[in-house]
Amino acid sequence: MTGPAGGTADPEHGTLGKAAGENFPVAPFFLPRAWRADLMAVYGFARLVDDIGDGDLAPGGADARLLGVSAADAEDRLVLLDAFEADLRRVFDGTPRHPLLRRLQSTVHRRSLTPEPFLGLIAANRQDQLVGRYETYDDLLAYCELSANPVGRLVLAVTGTETPERIRRSDAVCTALQIVEHLQDIAEDLGRDRIYVPVQDMKRFHVQETDLSVKTAGASVRALVAYEAERAQNLLNEGTPLVGSVHGRLKLLLAGFVAGGRAAIRAIAAAEYDVLPGPPKAGKLQLLREVGVTLRGEG
């Protein structure tokens with residue numbers, strides 16, 4: 001992902017500004033102000049660690065300097081991730097260096113958050129530097145356990161609504177959203193030498209890696225994408241009862257997460273499962289329709 005990066009003097013217009021481009025609302029206006037502030041602090045962490053892992057930090061090495069990484073190591077993602085983890089640990093027992101982590105510190109203390117979900121997101125980005133292919137669907141799910149599920153768990157923790165059943169439903173929704181994003185970004189991820197479609201599934205549909213590097217998907221690739229999209233839809237369906245388990249404005253927020261995934265899947269289907277020219281995106285009207293469907297418990 002390109003765009004202004006975090007670690008600038010004004011992270012609100014850098015890393016946090018990327019929230020508008022997500023498939024789902026991050027901290028919409030209708031939430032209580034305290035929730036919005038805390039959810040944006042969590043988003044800032046998640047976005048920045050992804051930018052480190054993807055090599056999408058702003059030129060000039062500002063983030064590396066903030067994290068105490070030398071100019072010689074400023075392009076080494078594993079070194080940056082190690083420094084970022086060290087700064088995360090200061091959130092819990094000291095004073096972090098990076099402004100986005102200083103912002104997160106008040107949220108962590110106010111909501112009694114634990115390090116584990118944040119460490120999971122860092123571990124996922126470390127894995128991205130070392131693993132570029134996933135043999136089985138279970139392997140991919142294990143990756144999503146690190147890369148996606150912590151976000152939903154943090155939302156529940158920030159809002160004080162976590163229970164074992166809600167966490168289970170949230171994990172299903174978050175994994176589905178991650179799979180959908182992977183489908184949208186097949187071409188972009190391939191440019192980073194990463195493929196998040198299981199190798200076993202590619203073999204089943206007779207898809208070679210070279211089939212993913214062309215401008216328009218052939219029939220086999222479209223069938224593969226449709227198959228993975230259906231898996232994501234099934235996960236969304238499994239997780240949707242999470243929405244009905246809460247009330248008020250949180251219910252609307254969670255409906256927005258589910259609706260974002262459903263709308264993205266519909267956009268992929270509307271593109272006839274050809275994701276290679278670029279990520280199929282849903283319009284705002286489609287998203288609002290899906291929110292309504294989700295709140296009514298339909299679909």
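Every value quoted in this text rests on a predicted model; they were computed, and no experiment measured them.

**What about the environment of arginine 262?**
Piece 1. You can see arginine 262 is positioned in helix α13 (residues 248-270).
Piece 2. What makes arginine 262 buried here is its relative accessible area of 4%.
Piece 3. When the C-alpha positions of arginine 262 and glycine 248 are compared, they lie 21 Å apart, and in sequence the two are 14 residues distant.

**Digging into the confidence of the model for the chain**
Piece 1. Overall, the predicted model of the chain reaches an average pLDDT of 92, with 91% of residues at or above 70.
Piece 2. Low pLDDT, under 50, characterises residues 1-9; the predicted model gives this stretch 28 contacts beyond four residues in sequence or across chains.

**Side note on the pattern of salt bridges**
Piece 1. Throughout the structure, instances matching the rule amount to 23 salt bridges.
Piece 2. In this structure, aspartate 54 engages arginine 194 in a salt bridge whose closest nitrogen and oxygen atoms are separated by 2.8 Å. With a gap of 140 residues between them, aspartate 54 in helix α1 (residues 33-54) and arginine 194 in the loop between α9 (186-191) and α10 (199-204) connect regions that are remote in the sequence. For the pair aspartate 54 and arginine 194, a shared accessibility class is recorded, and that class is buried.
Piece 3. Between arginine 192 and aspartate 56 there is a salt bridge, with the nearest N and O atoms lying 3.0 Å from each other. One end of the pair, arginine 192, is in the loop between α9 and α10; the other, aspartate 56, is in the loop between α1 and α2 (62-66), with 136 residues separating them in the sequence.
Piece 4. Judged by its relative accessible area of 23%, arginine 192 falls in the partly exposed class.
Piece 5. Judged by its relative accessible area of 13%, aspartate 56 falls in the buried class.

**Here's the deal with the nonpolar core**
Piece 1. In terms of nonpolar packing, the biggest core is built from 82 residues, with Phe45, Phe84 and Leu104 touching the most fellow members.
Piece 2. Counting residues per element, this core draws most heavily on α1, which supplies 11 residues.
Piece 3. In contact with phenylalanine 84, other than residues within four places in its own chain, are Phe45, Leu48, Val49, Ile52, Leu67, Leu101 and Ile122.

**Brief notes about the environment of cysteine 144**
Piece 1. By the element assignment, cysteine 144 lies in helix α6 (residues 137-147).
Piece 2. Once residues lying within four places of it in the same chain are set aside, the contact partners of cysteine 144 are Asn149, Pro150, Thr175 and Gln178.

**Brief notes about the side chain of aspartate 87**
Piece 1. Relative to the assigned elements, aspartate 87 resides in helix α3 (residues 77-93).
Piece 2. Among residues more than four places away in sequence, those in contact with aspartate 87 are Leu67, Pro96, Arg97, His98 and Leu101.

**Quick look at the side chain of serine 147**
Piece 1. Relative to the elements of secondary structure, serine 147 occurs in helix α6.
Piece 2. By relative accessible area, serine 147 is classed as buried at 14%.
Piece 3. A polar atom in the side chain of serine 147 sits 2.8 Å from the side chain of glutamine 178.
Piece 4. Sequence-distant contacts of serine 147, that is, excluding residues within four places in its chain, are made with Leu121, Ala124 and Gln178.

**Considering the packing of aromatic side chains**
Piece 1. For the coordinates displayed, the defined rule picks out eight aromatic pairs.
Piece 2. Judged by centre distance (5.4 Å) and plane angle (25 degrees), the ring pair of tyrosine 143 and tyrosine 196 falls under stacked. With tyrosine 143 in helix α6 and tyrosine 196 in the loop between α9 and α10, this residue pair connects regions lying 53 residues apart in the sequence. Each member of the pair, tyrosine 143 as well as tyrosine 196, is classed as buried.
Piece 3. An angle of 50 degrees between the planes, with centres 5.3 Å apart, marks the rings of phenylalanine 205 and tyrosine 227 as tilted.

**Regarding α6**
Piece 1. Taken together, the buried positions of α6 are Tyr137, Leu140, Tyr143, Cys144 and Ser147. Projected down its long axis, α6 shows its buried positions confined to an angular sector of 115 degrees, all on one face.
Piece 2. On the buried face of α6, the contacting elements are α5 (116-130), α7 (149-158), α8 (164-184) and α11 (219-239).

**A short note on the state of the cysteines**
Cysteine pairs can be covalently joined through their sulfur atoms, and such a bond is termed a disulfide.
Piece 1. Scanning all chains against the criterion turns up zero disulfides.
Piece 2. Here cysteine 144 stays free of any disulfide, with the sulfur of cysteine 174 as its closest cysteine sulfur at 9.8 Å.
Piece 3. Judged by relative accessible area, cysteine 144 falls into the buried class, the value being 0%.

Criteria and thresholds
Residues numbered from 1 in each chain as written. Predicted model: local features only at pLDDT ≥ 70, side-chain atom pairs only at ≥ 80, totals over all residues. Heavy atoms only, no water. Helix = DSSP H or I, 4+ residues; strand = E, 2+ residues; numbered from the N terminus. Buried < 20%, exposed > 50% of the residue type's maximum accessible area, 1.4 Å probe, protein only. pLDDT = per-residue confidence, 0-100. Contact = heavy atoms within 4.5 Å. Salt bridge = Lys/Arg side-chain N within 4 Å of Asp/Glu carboxyl O. Core = buried A, V, L, I, M, F, W, Y, C linked by side-chain atoms within 4.5 Å. Polar contact = N/O pair within 3.5 Å; in protein donor to acceptor, adjacent residues only side chain to side chain. Phe/Tyr/Trp six-rings, centres within 6.5 Å; stacked < 30°, edge-to-face > 60°. Arc of directions from axis to C-beta. Disulfide = S-S within 2.5 Å.

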